[in-house]
Amino acid sequence: MVDEIKDFFLDYYNQLVMWYEGLDQVSQYGLAFITLVAAFAVIVFFMLIRITK
């Protein structure tokens, strides 16, 4: 059962890596930058919620 779940996630991970490597370099950097900005925005949002309580 655990091996099936592990294989399921590894298959999707491998597909994601293949898709990412298929992008040109500018798109790879852009996607990484957008991901970091989104993560930073979520962290700031949760910090503001805690501060205002």
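Calculation rules
Residues numbered from 1 in each chain as written. Predicted model: local features only at pLDDT ≥ 70, side-chain atom pairs only at ≥ 80, totals over all residues. Heavy atoms only, no water. Patch = residues over 30% accessible without salt bridge, like charges linked within 9 Å, V, L, I, M, F, W, Y side chains within 5 Å. Areas by Shrake-Rupley, 256 points an atom, 1.4 Å probe, with all protein chains shown as cover. Salt bridge = Lys/Arg side-chain N within 4 Å of Asp/Glu carboxyl O. Helix = DSSP H or I, 4+ residues; strand = E, 2+ residues; numbered from the N terminus. Buried < 20%, exposed > 50% of the residue type's maximum accessible area, 1.4 Å probe, protein only. Phe/Tyr/Trp six-rings, centres within 6.5 Å; stacked < 30°, edge-to-face > 60°. Lys, Arg positive; Asp, Glu negative; His and termini not counted. Charge placed at Lys NZ, Arg CZ, Asp CG, Glu CD. Axes fitted to C-alpha atoms, helices over the stretch in contact; angles between N-to-C directions. Parallel < 35°, antiparallel > 145°, perpendicular 65-115°, else oblique. Contact = heavy atoms within 4.5 Å. Nonpolar A, V, L, I, M, F, W, Y, C, P; charged D, E, K, R; others polar.

Concerning a nonpolar patch on the surface
Phase 1 of the analysis: A cluster of nonpolar side chains, contributed by Phe40, Ile43, Val44, Met47, Leu48 and Ile51, occupies part of the molecular surface with about 620 Å² of accessible area.
Phase 2 of the analysis: Residue placement: Ile51 occurs in helix H2 (residues 25–52).
Phase 3 of the analysis: By relative accessible area, which is 62% here, Ile51 ends up exposed.

A word on the packing of aromatic side chains
Phase 1 of the analysis: What the rule picks out here adds up to 3 aromatic pairs.
Phase 2 of the analysis: For the pair Phe8 and Phe9, a centre-to-centre distance of 5.5 Å together with 75° between the ring planes defines the contact as edge-to-face.
Phase 3 of the analysis: By relative accessible area, which is 54% here, Phe9 ends up exposed.
Phase 4 of the analysis: Centroid distance Phe8 to Tyr12: 4.9 Å. Interplanar angle 70°. Geometry classified as edge-to-face. Taken together, the positions of Phe8 and Tyr12, both in helix H1 (residues 2–22) and 4 residues apart, correspond to about one turn of that helix.
Phase 5 of the analysis: With relative accessibility at 44%, the residue Phe8 sits in the partly exposed group.
Phase 6 of the analysis: Members of the aromatic cluster, joined through ring pairs, are Phe8, Phe9 and Tyr12.

Some words on a negative patch on the surface
Phase 1 of the analysis: The grouping of Asp3, Glu4, Asp7 and Asp11 at the surface amounts to a negative patch.
Phase 2 of the analysis: Along the chain, Asp7 turns up in helix H1.

Section: the environment of Ala41
Phase 1 of the analysis: Among the structural elements, Ala41 can be located in helix H2.
Phase 2 of the analysis: The exposure class of Ala41 is partly exposed, given its relative accessible area of 42%.
Phase 3 of the analysis: The sequence separation of Ala41 and Leu16 amounts to 25 residues, and the corresponding C-alpha distance is 23 Å.

Digging into the packing of H1 against H2
Phase 1 of the analysis: Axis separation between H1 and H2 bottoms out at 8 Å; the angle between their running directions is 125°. What the angle tells us is that H1 and H2 run oblique. On the side of H1, the interface is formed by Trp19, Tyr20 and Glu21, while H2 contributes Gln28, Leu31 and Ala32.
Phase 2 of the analysis: Its residues placed into classes, the contact of H1 with H2 shows 4 nonpolar, 1 polar and 1 charged.

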